[in-house]
Amino acid sequence: MGLFSKWFETFRKNDQKAQPCRDWPWTLNLSGYPSTQISWEILASELRELNLEDVDSFLILEQKDPKNPEAYWYIQSAIAKAGPSQGQYIVGVGWFAPEHNQMWERCVPQVEQVIRYFDQAFNQYRMDFSGFEDQSDMLS
């Protein structure tokens, strides 16, 4: 089985869990501080405020299953401060999987691309993970 075939099979197996859950509540974390308000306007505005100079400039939009404290889904973003993607936006998604929790990432050059991913998640559209890479092996 080729590398792409293996990736596709893993992704297909996890595809349903890879999507945000309509009946789980959202929480928002802005650079380490929980937000008491969540709206699409706040999300889009805060994503545009991410910057390279601030060490703690990131945003995490997360859901947890009220019936199972271990189950979660999130999307997050920050600007890469070093490495080959320096200055680009990192978009990461993660979710609970019984066999191994998942974390997938990609880098994009413009904040409007990041906003589209958050729009898909927050407004419960089907997420498109084209171009994302499986980083799950980085989880402990």
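Residues numbered from 1 in each chain as written. Predicted model: local features only at pLDDT ≥ 70, side-chain atom pairs only at ≥ 80, totals over all residues. Heavy atoms only, no water.

Caption draft 1: Spatial organisation of the packing of aromatic side chains. If you walk through the whole model with that rule in mind, you get eight aromatic pairs. For the ring pair Trp-26 and Phe-122, a centre distance of 6.1 Å and an interplane angle of 35° mean the geometry is tilted. Residue Trp-26 is found in strand E1 (residues 26-30), and its partner Phe-122 is found in helix H3 (residues 111-122); the two are separated by 96 residues along the sequence. Arranged with centres 6.4 Å apart and planes meeting at 10°, the rings of Trp-95 and Trp-104 form a pair that is stacked. Both residues of the pair, Trp-95 and Trp-104, belong to the buried class. One aromatic cluster in this structure is built from Trp-95, Trp-104, Tyr-117, Phe-129 and Phe-132. (Phe/Tyr/Trp six-rings, centres within 6.5 Å; stacked < 30°, edge-to-face > 60°. Helix = DSSP H or I, 4+ residues; strand = E, 2+ residues; numbered from the N terminus. Buried < 20%, exposed > 50% of the residue type's maximum accessible area, 1.4 Å probe, protein only.)

Caption draft 2: Geometry of unusual backbone geometry. At Ser-31, a residue that is not glycine, the phi angle is positive and equals roughly 55°. One can find Ser-31 in the loop between E1 and strand E2 (33-34). Classification of Ser-31 by relative accessible area gives partly exposed; the value is 23%. In this structure, Gln-124 is a non-glycine residue whose phi angle is positive, near 65°. Following the sequence through the fold, Gln-124 ends up in the loop between H3 and strand E7 (133-134). The class for Gln-124 is buried, based on a relative accessible area of 15%.

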